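Summary of the model geometry
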Amino acid sequence: VWIEVIINFDANPFDTLWDISIGGYSSYDVDDAVSVADSPIYSMEAAFNTFMQPVCLPGKGRYTFGIMKSGGFQGSGGYILVALSDGGDRTVIAQGGVFDWTDSVTFDLPSYVPPRA
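Parameters and conventions
Residues numbered from 1 in each chain as written. Predicted model: local features only at pLDDT ≥ 70, side-chain atom pairs only at ≥ 80, totals over all residues. Heavy atoms only, no water. pLDDT = per-residue confidence, 0-100. Helix = DSSP H or I, 4+ residues; strand = E, 2+ residues; numbered from the N terminus. Salt bridge = Lys/Arg side-chain N within 4 Å of Asp/Glu carboxyl O. Buried < 20%, exposed > 50% of the residue type's maximum accessible area, 1.4 Å probe, protein only. Pairing = 2+ DSSP bridges. Axes fitted to C-alpha atoms, helices over the stretch in contact; angles between N-to-C directions.

**Notes on the confidence of the model for the protein**
Here the protein averages 84 in pLDDT, while 87% of its residues score no lower than 70. The secondary-structure element of the protein with the lowest mean pLDDT is strand β8 (residues 102–109), recorded at 88, while strand β4 (residues 50–56) shows the highest, at 94.

**Concerning the pattern of salt bridges**
In this structure the tally under the stated criterion is four salt bridges. Residues Asp108 and Arg62 are paired through a salt bridge, measuring 2.8 Å at the closest nitrogen-oxygen approach. With a gap of 46 residues between them, Asp108 in strand β8 and Arg62 in strand β5 (residues 61–69) connect regions that are remote in the sequence. Arg62 gets classed as partly exposed once you look at its relative accessible area, which sits at 46%. One network of salt bridges, with partners in common, ties together Asp10, Asp15 and Lys69.

**Some remarks on the sheet that holds strand β7 (residues 90–96)**
Paired through backbone hydrogen bonds, the strands of a sheet run either parallel or antiparallel to each other. Strand order in the open sheet formed by four strands is β4-β1-β6-β7, with antiparallel pairing between adjacent strands. Strands with a single pairing partner mark the edges of an open sheet, and in this sheet they are β4 and β7. Recorded for the sheet is a direction-independent mean angle of 20 degrees between the axes of neighbouring strands. Pairing analysis gives six bridges linking strand β6 (residues 78–84) to β7, with the strands arranged antiparallel. Paired with Ile80 across the two strands is Gln95, which belongs to β7.

**Focus: the sheet that holds strand β2 (residues 16–22)**
A sheet is described by the order of its strands in space; here four strands give the open sequence β3-β2-β5-β8, paired in antiparallel fashion. Two strands close off the open sheet at either side, each with one partner strand: β3 (34–38) and β8. Each adjacent strand pair in this sheet contributes to an overall mean axis angle of 25 degrees, direction not counted. Strand direction decides the pairing type here: β2 and β3, joined by four bridges, are antiparallel. The residue bridging Asp19 from the neighbouring strand is Asp38, located in β3.

**Section: the pairing of strand β1 (residues 2–8)**
Counting buried residues in β1 gives five out of seven residues, a clear majority hidden from the surface. Pairing analysis gives seven bridges linking β1 to β4, with the strands arranged antiparallel. Along β4, the bridge assignment pairs Glu4 with Pro54. For β1 and β6, the ladder comprises six bridges, and the chain directions are antiparallel. For Glu4, the partnering residue across the bridge sits in β6 and is Val82.

And the structure:
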């Protein structure tokens, strides 16, 4: 199942990390979470810009997206997770904005989101 991770960066993109784990916990929450996707290390060129990354998840089920500002400072950016379908439909499945240190959201990918070719 394909989703798109959209990150709106603040002034410090280099301290923004994210991951997607199977089940109800982020790898930032528990050590034994099974991560299926994670962020690259972003450079200062990403400051105040939007980053979009398609991610292929193993299938329908429950996932947790975790995002962390490793510097520990509150960020003014945000994130949006979008499910992608073969027909080009885009469905927002999670979103968030300003957070301190970490934020996570658990979401279910229902069977009506078809796999992308």
